[in-house]
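# Residue-level structure breakdown
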Amino acid sequence: MKRPVLILGATSAIARATANALAEKGYSLYLASRDEQELGRIAQDLRVRYHTDVQYGFYDIGNLERNPLFFQQVLQRTGELEGVILAIGELGKQTAAIHDFNEAEKIIRRNYVGACAILTPCADYMEKLKKGFIVAITSVAGDRGRQSNYVYGSAKGGLTIFLQGLRNRLSASGVQVMTVKPGFVDTAMTFGLPGMFLVAQPSQVGNAIVRGIEKKKNEIYVPWFWSTIMGVIKCIPERLFKNMKL
Ligand SMILES: NC(=O)c1ccc[n+]([C@@H]2O[C@H](COP(=O)([O-])OP(=O)(O)OC[C@H]3O[C@@H](n4cnc5c(N)ncnc54)[C@H](OP(=O)(O)O)[C@@H]3O)[C@@H](O)[C@H]2O)c1
């Protein structure tokens, strides 16, 4: 059995697909999120399907001070980790967030501040270990600010830059830091949202994440064609872009 991987936000549809793909390859797992009952069900399913060791525990990304203790407790239960995958995210209510900063702050704390807070002890640990991987899911929404989702987009964009810096820092230690940028994915987060197109399945993202880990990628767009789409969107001059209804 391979060394364990910690999955933060393990009840997410994308994280479940990633957990399945990892367990199939023989990794053991530690699953974390706020919904312990659901984590228990996911863990049992993975154990039965793949005969691998799966532990789980409560984690709230909003509880910033608890991060170092939480991470130590995970290590006590798992022993040496192979890697960490951060899948926690919340779309929030953009229509409210553009006028009510309390709503905007929630989105920024879950998607950016909380992510940086938990990745800090993870990075220190991996740096000392001199191997392993850190994977975090940001979004194509972080590539360019648009009126329809710039609060969430700015938090994901900030996380993308944080990960770039972390990759630069940990490169000397041989630690892989991979940024995952999905387009639209069919999950609870996007259920019923209008205007979705080129929608991917969570299993496509999960499989791409595991392939990216194996190939030691720095950044992946999922599906791949989002890299072309975002390349074009990033090239549109700001004087034109600001008048577009996006
Ligand atoms: N779906 C898309 O179209 C899409 C596109 C681009 C990027 N993404 C990103 O992909 C990642 C996975 O998203 P998904 O679509 O699979 O979403 P999802 O099914 O809604 O899952 C969201 C996850 O975040 C966790 N979470 C939320 N608040 C938390 C908190 N305070 N503490 C701990 N965990 C918390 C949830 O766990 P509990 O509720 O159990 O705590 C759940 O595991 C997210 O980072 C998202 O931003 C999604």
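First, a word on what this report is: a plain description of the structure on this page.

What counts as what
- Residues numbered from 1 in each chain as written.
- Predicted model: local features only at pLDDT ≥ 70, side-chain atom pairs only at ≥ 80, totals over all residues.
- Heavy atoms only, no water.
- Core = buried A, V, L, I, M, F, W, Y, C linked by side-chain atoms within 4.5 Å.
- Buried < 20%, exposed > 50% of the residue type's maximum accessible area, 1.4 Å probe, protein only.
- Helix = DSSP H or I, 4+ residues; strand = E, 2+ residues; numbered from the N terminus.
- Contact = heavy atoms within 4.5 Å.
- Salt bridge = Lys/Arg side-chain N within 4 Å of Asp/Glu carboxyl O.
- 1 Å grid on protein atoms, 1.4 Å probe; cavity = no way out; pocket = protein on both sides within 12 Å on 5 of 7 lines; lining within 4 Å.
- Points joined across faces, edges and corners; volume = space filled by probe spheres on them.
- Nonpolar A, V, L, I, M, F, W, Y, C, P; charged D, E, K, R; others polar.

### Quick look at the nonpolar core
Membership of the largest hydrophobic core comes to 32 residues, with the highest contact counts inside it found for Ile7, Leu29, Leu31, Val180 and Ile209. Those elements that provide at least two residues to this core are strand S1 (2-8), helix H1 (13-24), strand S2 (27-33), helix H2 (36-50), strand S5 (133-137), strand S6 (176-182), helix H7 (202-214) and strand S7 (219-222). No other element matches H1, which puts 6 residues into this core. Those residues in contact with Leu31, other than ones at most four positions away along the chain, are Ile7, Ala10, Leu39, Ile42, Ala43, Leu46, Val54, Gln55, Tyr56 and Gly57. One finds Leu8, Tyr59, Ile61 and Leu81 within the second-largest nonpolar core, a separate group that totals 30 residues.

### Notes on the pattern of salt bridges
On inspection of all chains with the given rule, the structure shows 16 salt bridges. Close ionic contact of Arg110 with Glu90 constitutes a salt bridge, the shortest N to O distance being 2.4 Å. Note that Arg110 is positioned in helix H5 (residues 101-129) and Glu90 in the loop between strand S4 (83-86) and helix H4 (94-97), a separation of 20 residues in sequence. Arg144 is the partner of Glu238 in a salt bridge, and the nearest nitrogen-oxygen pair spans 2.5 Å. With Glu238 in helix H9 (residues 238-241) and Arg144 in the loop between S5 and helix H6 (150-170), this residue pair connects regions lying 94 residues apart in the sequence. Each member of the salt-bridge network shares a partner with another, and the members are Arg3, Glu80, Glu82 and Lys131.

### What about the layout of surface pockets?
Leftover empty space is mapped by rolling, across the atoms, a probe with the size of a water molecule. Reported here for the largest pocket is a volume of approximately 1200 Å³. In terms of lining, the largest pocket is formed by 47 residues, of which the most central are Glu90, Leu91, Tyr152, Met189 and Thr190. Taken together, the elements giving at least two residues each to the lining of the largest pocket come down to H1, H6 and helix H8 (226-235). For the lining of the largest pocket, the leading source of residues is H8, giving 4 residues. Class assignment of the residues belonging to the lining of the largest pocket gives a composition of 25 nonpolar, 15 polar and 7 charged. Within this model, the second largest pocket holds a volume of roughly 210 Å³. Looking at the second largest pocket, the residues that line it are Gln204, Ala208, Arg211, Gly212, Lys215, Lys217, Ile220, Tyr221, Val222, Pro223 and Trp224. Of all elements in the fold, only H7 and S7 reach the threshold of two or more residues within the lining of the second largest pocket. Examining the composition of the lining of the second largest pocket, we find that 4 residues originate from one element, H7, more than from any other. Considered class by class, the residues forming the lining of the second largest pocket number 6 nonpolar, 2 polar and 3 charged.

Coordinates in, geometry out; function isn't part of it.
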